Every structure is written in structure tokens, then in C-alpha cells.
Amino acid sequence: MKNNRICEILGIEKPVIQGPLSWLTDARLVAAVSNAGGLGVLGPNAGLTAETAVSTPEATAEKMREEIRKTKKLTDKPFGVNLIPTAENDIWTPAILPVIKEEAVKAVVYTGYGDGTIIPALFDELKAAGITIIYRDINPTPENTRAAERAGADIIVATGFDEGGTLPGTILGTFSIVPLIADAVENVPVLAAGGIVDKRTARAAHALGAEGVFAGSVFISTEESRVPASLKDKIVAANGLDLSLFRTVPDYYRSLPGTLTTTLVEMDKAGASKEELATTMGGLRGLRVGMLEGNTDEGYVSLGTGIGGIRKVASVAEVVEQLTA
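Residues numbered from 1 in each chain as written. Predicted model: local features only at pLDDT ≥ 70, side-chain atom pairs only at ≥ 80, totals over all residues. Heavy atoms only, no water.

(A) Just the packing of aromatic side chains, in detail. As enumerated under the stated definition, the model contains five aromatic pairs in all. Measuring from ring centre to ring centre gives 4.6 Å for Tyr110 and Phe123, while their planes differ by 35°; the resulting arrangement is tilted. Of this pair, Tyr110 sits in strand β4 (residues 107-112) while Phe123 sits in helix α5 (residues 120-128), placing them 13 residues apart in sequence. Taken as a pair, Tyr110 and Phe123 share a single burial class, namely buried. Taken together through their ring pairs, the aromatic side chains of Tyr110, Phe123 and Tyr135 make up a single cluster. The cationic tip of Arg288 hangs over the ring face of Trp23; the distance from NZ or CZ to the ring centre is 5.4 Å. (Phe/Tyr/Trp six-rings, centres within 6.5 Å; stacked < 30°, edge-to-face > 60°. Helix = DSSP H or I, 4+ residues; strand = E, 2+ residues; numbered from the N terminus. Buried < 20%, exposed > 50% of the residue type's maximum accessible area, 1.4 Å probe, protein only. Lys NZ or Arg CZ within 6 Å of the ring centre and 35° of its normal.)

(B) Focus on unusual backbone geometry. Cis peptide bonds are those with omega within 30 degrees of zero, and the linkage from Val249 to Pro250 qualifies with 5°. By secondary structure assignment, the location of Pro250 is in the loop between β9 (244-247) and β10 (252-255). Positive phi values are uncommon outside glycine, yet Ser22 reaches one of about 50°. Mapped onto the elements, Ser22 comes out in the loop between β1 (16-18) and α2 (27-35).

(C) Expanded view of the pairing of strand β7 (residues 190-193). Neither face of β7 is open: one carries Val190 and Ala192, the other Leu191 and Ala193, and all of them are buried. Relative to β7, strand β6 (residues 155-159) is paired through four bridges, and the arrangement is parallel. Bridge pairing in β7 places Val157 opposite Leu191. Handedness of the crossover joining β6 and β7 through helix α7 (residues 174-184) is recorded here as right-handed. Note that β7 and strand β8 (residues 212-215) share three bridges and pair parallel. (Pairing = 2+ DSSP bridges. Right-handed = clockwise from strand over helix to strand, strands pointing away.)

(D) A look at the sheet that holds β7. Judged by pairing direction, the sheet is parallel, and its eight strands sit side by side in the order β1-β8-β7-β6-β5-β4-β3-β2 without closing on themselves. The two strands at the open ends of the sheet, each matched to only one other strand, are β1 and β2 (40-42). Sheet twist, expressed as the average angle between the axes of neighbouring strands with direction ignored, equals 25°. (Axes fitted to C-alpha atoms, helices over the stretch in contact; angles between N-to-C directions.)

(E) How the structure looks around the pairing of strand β5 (residues 132-137). Burial analysis of β5 places six of its six residues in the buried class, the great majority of the element. Residue alternation in β5 divides its side chains into two sets, Thr132, Ile134 and Arg136 and Ile133, Tyr135 and Asp137, and both sets are buried. Inspection of the sheet shows β4 paired to β5 by six bridges, in the parallel sense. Within β5, the position partnered with Tyr110 by the bridge is Tyr135. Strand direction decides the pairing type here: β5 and β6, joined by three bridges, are parallel. The residue of β6 that forms the bridge with Tyr135 is Ile156. Note that the unit made of β5, helix α6 (residues 142-151) and β6 has a crossover that is right-handed.

What follows is the structure in C-alpha cells.
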């Protein structure tokens, strides 16, 4: 897209970045997004299943190398990898970072959790390797936005409470957070995340000051997605009113109905602690069970509130076209 800074920075044709989606990404989906003109992103557990998952950082990093190489066979366009550094005892980033550099990955989605995870030395290392940094704080504020920009972020993601996955503790919807963050940056462009699934919501994001969109839920129901067809049908049939919200660590999650979701909502109403809810929820294992395996008795199905705009199981190319119409 001409005169679009997101496209110019990333070397892509359309300002659409696919959210990492943890277990739900693989080479096929990511390559499809990049081939359609956007930027596909491999999540932390990309391509893995319960049987192939590993526990050590080194082995996990090598699994990511395999998925990166599979993606390269399917596209010659830029794609990214998710990076989730922690402020203390970070065992994962030192393992995955050499793989990202050795495999010449063009971009990272740097997931931050406030000032403690804005690590200037890590930004410097990524920049020195020629890697574009898309910074996405789970709780975006003008302050951490400016800190990330000073550290070297090339693009900032403004995430609203409308998103799926790990929800912000700052309960501001996309319509409120995007202009707040767009006004906070000095020189870098902003991506809007949360509830963006079609041309109407994408146009609204641009009107609010975003120069592109960062979308997750809309790609889960695509033809190229690795989730079961039964789940894709549920997404198409649902809207935001079908989703249940509950507390957990760090703040909130929401899910389509299911046995585990009902239990979590009831625990929340009964006053269970966030830690108790997180244990019952099962962390990202619960996501894998619910969304990759389609078992909503023992897992959950996390989606953004905009799912009512998903009307069919479409191809990735159709979705990217809709988001840039």
C-alpha cells in the first residue's frame, strides 16, 4: 500500500499483521498471511501439538527453527516470530533469540508487560541484527509507549480490551486506547488491536489514528487455520454476546461456552482468587485443549468481541483483502 509507514517499515504490501496466537499458528497460516500481502507471525508454540511439545528452552527453540524453515519453503515474503521476554529469570529469550537471528527472521512481535520488560539491551541487540521490532504491551499506556519508542521500537501496537487471548488489566476498549496511544507516539506508526475483523472495523481503526491492524481472532476461522472445522463453525455462528468474561492471572480472559468456562465463571462469581482461577484454567494448555483439540469440556476458546463480524470460513487472502478494503 503506497504511502503507508507500516508497509514501508516491514517491506509488505498491506498493513495487516497477524497476531501470534500461541498454539494456533503454524507455517501454513503464517505463510498464507505473508503471501496475501500482510505479515504472518509464528507464535511461541507454532506448529506444535501435545505430542510434539517440549519443555526445555533449547528444544523449544529448535522446534521454532523447524517451523521457521517450513515457513520459508512456503513464502519468500517477510514474516515474524513472537518474543516474550520477562523481567526476571528469563530462560526462553536467550534460547530463541539466536535462532531468530541465525534464520534471518525479518521482524519480531515483542510482547511486553510494562516497563520491566522494556529491556534496552534487548532492543539494541535486535536492532543490530536488522530485525524490525513491533512492540505490543499487554497494558498499553502513553508512558510505556514512549519508553518502547525511546528503546527503539519501530511500530507500536495499541491493544484494546476487545481483543482475544490474554486481556489487558486496563479496561479500555479499542476505540479509547488507539487514539490515546496514537497521540502518545512521536515518530513511529501505530497498529490497532482488538475486535478488528472486517473492513468496517479496520476503517474505524484507521480513523482513530492507526496506520494498520493487528488481528488474531479473524484468522482463527480461516481455511488455512489449523483449528478443527467444528471450532471454525462455532466462531462463525457466535457473536460477542456469547463470550463469558472471568478473572485470571494476570487479569482477565474471555471464552465461548463450555464446561470449563462455566466452572471458571462460577468460581469467579464465588470469589475465588485469580491464582485459583489460573490453576483451574490451565494456562496455555487450556487454550491448546480447547482450541487446537476442540475439547471445550477441559479447555477454553478465547476470542475477541468482534467475532460477530466473522460471517464465514474464508481464505486468509479474503480476510487480508477485507481488512484493507
